[in-house]
Amino acid sequence: MTAAAGILVAAEPVPPQRDLRVLVVMGSEGAAEYKPRFEKEAESWQKACEKARVACEVVGTASESKDKPDLSLIKQWVEAAAQQPEQPVWVVLIGHGTFDGREAKFNLRGPDLTPQELASWMKPLVGEVAVIQTASSSAPFVKALAGPKRVLISATKSADEVFYTRFGQFFAEAVSGSREPDLDQDGQVSLLEAFLWASKQVDRFFATEGRLATEHALLEDNGDGVGSRADSFDGLRAAKVPAEGKIPDGQVAKQWSLLLSPDDALMTEEVRKHRDELERHVEALRAKKGTMAADAYYAELEKLLLEIAKIYEKVGDS
């Protein structure tokens, strides 16, 4: 309890330190007008990580030592993360990208970063990985980095979308604790919710300005390397089902959040992952409903839902 104006006020509980590492990379600003925009995005991520009690490192700010080029610092960070290959890792790229007709690059101070380089460095990582590439010409990073337990987001649908992107500023706002992007009102904003909300804000910007949209974000989390646009979703569900045997994008991204709800914050990483796995089983079961006998379907569904309920019951009793 703390005293405020003579009134005892209960202090907010401090969430436990999370087993998640975040790297925020601020690329070369190119023109001076972009520097404060990129700095604001990077600062939003830093503050959100601090609030979430998540380890966060930033590469690309002017205050850093320039003994090593930013490309080397990124490689060094990823190689250090690979020493604990099962630890969850998020990488956020803020800035400009270029495409020369053959190769896409994320622009840095010094040598630029290619999708193939980042994919090679991240190959040893077998835990949960998210890469949010908010620059222009960012789509090739989705295909290059695709794999199991990975959520990949790009600000553009192709390398040919080379103009300055606004997606990143809206995405940073969404993950920083804004309530509007919380589409299912569960007290936290998932990567899928942030993606959908930021995409909507981008569309609204171009519509308001009466301009042709020059960026169309993608999300990929089923490992096939093919991203989905925001209009592929109906709420938080995939509206367009992929080819038979493939899981639609979004099922993993809707379970990963930076700032957790009070209930999720009380769970250990292991319990939260188990809950997420059970929820994915529920989704997979619902997709097979039409091919199963009704009794068998509802018996399996009840079993899964009871297991999930037990998890929340234990959290409520803690």
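Since we're looking at a predicted model, the values are computed, not measured.

Participant: Describe the sheet that holds strand β3 (residues 21-26), naming the residues involved and giving the relevant values.
Facilitator: Spatial strand order, β4-β3-β5-β8-β9-β10: six strands in an open sheet with mixed pairing. A strand with exactly one partner marks an edge of an open sheet, and here the two such strands are β4 (55-59) and β10 (218-220). If you compare each strand with its neighbour and ignore which way they point, the axes differ by 10° on average. Bridge count for strand β5 (residues 89-94) against strand β8 (residues 129-133) is five bridges, and the pairing is parallel. Among the inter-strand pairings, leucine 93 is bridged to a residue of β8, identified as glutamine 133. On the sheet, helix α6 (residues 191-209) packs against β5, β8, β9 (150-154) and β10 and is oriented at approximately 165° with respect to β10.

Participant: Summarise helix α2 (residues 70-81); cite the residues concerned and give the values.
Facilitator: A turn of α-helix holds 3.6 residues, and therefore any two residues three or four places apart point the same way. Compared with the 16 Å implied by 1.5 Å per residue over 12 residues, the 17 Å span of α2 between its first and last C-alpha is a close match. Along α2, the residues that are buried comprise Asp70, Leu71, Leu73, Ile74, Trp77, Val78 and Ala81. Looking down the long axis of α2, one finds its buried residues gathered within 165° of arc, a one-sided arrangement.

Participant: I'd like to hear about α6, residue by residue, with values.
Facilitator: With 19 residues, α6 should reach 27 Å at 1.5 Å per residue; the first-to-last C-alpha distance of 27 Å fits that figure. Listed in full, the buried residues belonging to α6 are Leu191, Leu192, Glu193, Ala194, Phe195, Leu196, Trp197, Ala198, Ser199, Gln201, Val202 and Phe206. Looking at the packing, one finds that the buried side of α6 touches β5, β8, β9, α5 (167-175), β10 and β11 (233-234). Just downstream of α6, glycine 210 is the residue with a positive phi angle, here 65°.

Participant: Quick one: what's the story with the nonpolar core, residue by residue and with numbers?
Facilitator: Counting residues in hydrophobic clusters, the biggest one holds 47 residues, and the most contacted among them are Trp45, Phe171, Leu191 and Phe195. Mapped onto this core, the elements with two or more residues apiece are β3, α1 (35-52), β5, β8, β9, α5 and α6.

Participant: Tell me about the pattern of salt bridges, and please be specific about residues and values.
Facilitator: A side chain of one charge can pair with a side chain of the opposite charge if their charged atoms are brought near each other. One pass over the full model with this rule turns up 12 salt bridges. A salt bridge links glutamate 283 to lysine 254; the shortest N-O distance between them is 3.3 Å. With glutamate 283 in helix α8 (residues 269-287) and lysine 254 in the loop between β12 (237-238) and α7 (262-265), this residue pair connects regions lying 29 residues apart in the sequence. Judged by relative accessible area, glutamate 283 falls into the buried class, the value being 15%. When salt bridges that share partners are traced, they join Asp264, Arg275, Asp276 and Glu279 into one network.

Participant: Break down the packing of α1 against α5 for me, with residues and values.
Facilitator: Axis separation between α1 and α5 bottoms out at 9 Å; the angle between their running directions is 20°. Between α1 and α5, the angle is such that the two are roughly parallel. Considering how the two elements wind past one another, α1 and α5 form a crossing that is left-handed. On α5, the residues touching Glu41, Ser44, Trp45 and Ala48 of α1 are Gly168, Gln169, Phe171, Ala172 and Val175.

Procedures and definitions
Residues numbered from 1 in each chain as written. Predicted model: local features only at pLDDT ≥ 70, side-chain atom pairs only at ≥ 80, totals over all residues. Heavy atoms only, no water. Pairing = 2+ DSSP bridges. Helix = DSSP H or I, 4+ residues; strand = E, 2+ residues; numbered from the N terminus. Axes fitted to C-alpha atoms, helices over the stretch in contact; angles between N-to-C directions. Contact = heavy atoms within 4.5 Å. Expected span 1.5 Å × (residues − 1). Buried < 20%, exposed > 50% of the residue type's maximum accessible area, 1.4 Å probe, protein only. Arc of directions from axis to C-beta. Core = buried A, V, L, I, M, F, W, Y, C linked by side-chain atoms within 4.5 Å. Salt bridge = Lys/Arg side-chain N within 4 Å of Asp/Glu carboxyl O. Parallel < 35°, antiparallel > 145°, perpendicular 65-115°, else oblique. Left-handed = near helix turned anticlockwise from the far one by under 90°.

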